[in-house]
Amino acid sequence: MITVKKRELLAEEVRRLKSQNLQIGFVPTMGALHHGHESLINEARKSCDVVVLSVFVNPTQFNTPSDYTTYPATLDADLQCAERAGVDLFFMPDVEEMYQGELEVDAVDFGTLTHSFEGRHRQGHFDGVVAIVRKLFDAVKMDCAFFGEKDLQQLAVIKRLARDEFPGVQIIGCPLIRDTDGLALSSRNVRLSKDDRTRALKLNAWIHELKEGIEAGSSIEETLESVLTSAQQAQSLELEYLDIVNPETFEPRRSGGEKNEAFAVIAAAVNGVRLIDNCRILCS
Ligand code: PAF
């Protein structure tokens, strides 16, 4: 595995790979790699000749400074994990290298997609995500880029970015991976105590309650109202949102219309650790 810190060196490597007509798959991450990231690397290895992985904790996408400063940093373990998983090129720039002292980023307006749910609860979050993904895509010049469905709204935002600015890049969404107890894998899970973790499992329980109710024929409105009532009353857990949405537009999905796939989405904080989760629901 080749490790580079500078964009110029990355560009040289990318030119070398392109001159051999190799298909480049890109997995952007913020490090603290876990099985969810490994599954993205595996997908990239299946469909591309070489895999580039980046580890960069992007300051502009954090809306609370403490979330940025406490974000887990495990570079040595990440290097080992990436090497084991078969990454060919590991890009690990620092903030200066990516932003050159200019941390102001442009506002992004994709309508509801950037202004609802994550966009509403984390002001400026998608501005930072789009800014860094644009810089990384410009540097890596990949054929395909792989993102987890765990960050479902981010995936939709990046698909829209690619459609507008990187039409040659295929964006591939990969399934959310859960731990054996059902908790969606996230780099932030290391900050949960044993008790917090038990509380955090409620997120998965509520979205699956929605799935079961709706797929068994109950109306979206009634099922949502009943699960929302339990979620809002839960102790030691601060619910931010719980809803059923169209996964491309993030507009709320309600009863009626054609039978199609929607997603239950949830965000809540457990003892100061913000968690998100989602699951697919067949709605009619
Ligand atoms: O999903 C992430 O880890 C980050 O949001 C990303 C896409 C690497 C941008 O910093």
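Residues numbered from 1 in each chain as written. Predicted model: local features only at pLDDT ≥ 70, side-chain atom pairs only at ≥ 80, totals over all residues. Heavy atoms only, no water.

Quick look at the overall build of the chain now. For the chain, the helix and strand inventory stands at 11 helices and 9 strands. Principal-axis analysis of the C-alpha atoms places the extent of the chain at approximately 55 × 40 × 35 Å. A burial count over the chain gives 51% of its 284 residues as buried. Relative to all contacts within the chain whose residues are 6 or more apart in sequence, the contacts with residues 24 or more apart total 71%. Accessible surface, the chain as shown: approximately 13600 Å² in total, 46% of it carbon and sulfur. Of the charged side chains in the chain, 31 are positive and 44 negative; the average position of the first set lies 2 Å away from that of the second. (Helix = DSSP H or I, 4+ residues; strand = E, 2+ residues; numbered from the N terminus. Buried < 20%, exposed > 50% of the residue type's maximum accessible area, 1.4 Å probe, protein only. Contact = heavy atoms within 4.5 Å. Areas by Shrake-Rupley, 256 points an atom, 1.4 Å probe, with all protein chains shown as cover. Lys, Arg positive; Asp, Glu negative; His and termini not counted. Charge placed at Lys NZ, Arg CZ, Asp CG, Glu CD.)

Moving on, we get to the side chain of Thr 223. Of note, Thr 223 is situated in helix H11 (residues 220–233). For Thr 223, a relative accessible area of 10% translates into the label buried. Residues contacting Thr 223, with those up to four places away along its chain left out, are Glu 209, Leu 210, Gly 213, Ile 214 and Ser 218.

Read from one edge of the open sheet, 6 strands run E1-E4-E3-E2-E5-E6, paired in parallel fashion. The sheet is open, and its two edges are formed by strand E1 (2–4) and strand E6 (170–174), each paired on a single side. Neighbouring strand axes in the sheet, compared pairwise and without regard to direction, differ in orientation by 25° on average. Strands in contact with helix H4 (residues 75–85) are E1, strand E3 (50–55) and strand E4 (89–91); relative to E4, the strand with the most contacts, it is inclined by about 155°. (Pairing = 2+ DSSP bridges. Axes fitted to C-alpha atoms, helices over the stretch in contact; angles between N-to-C directions.)

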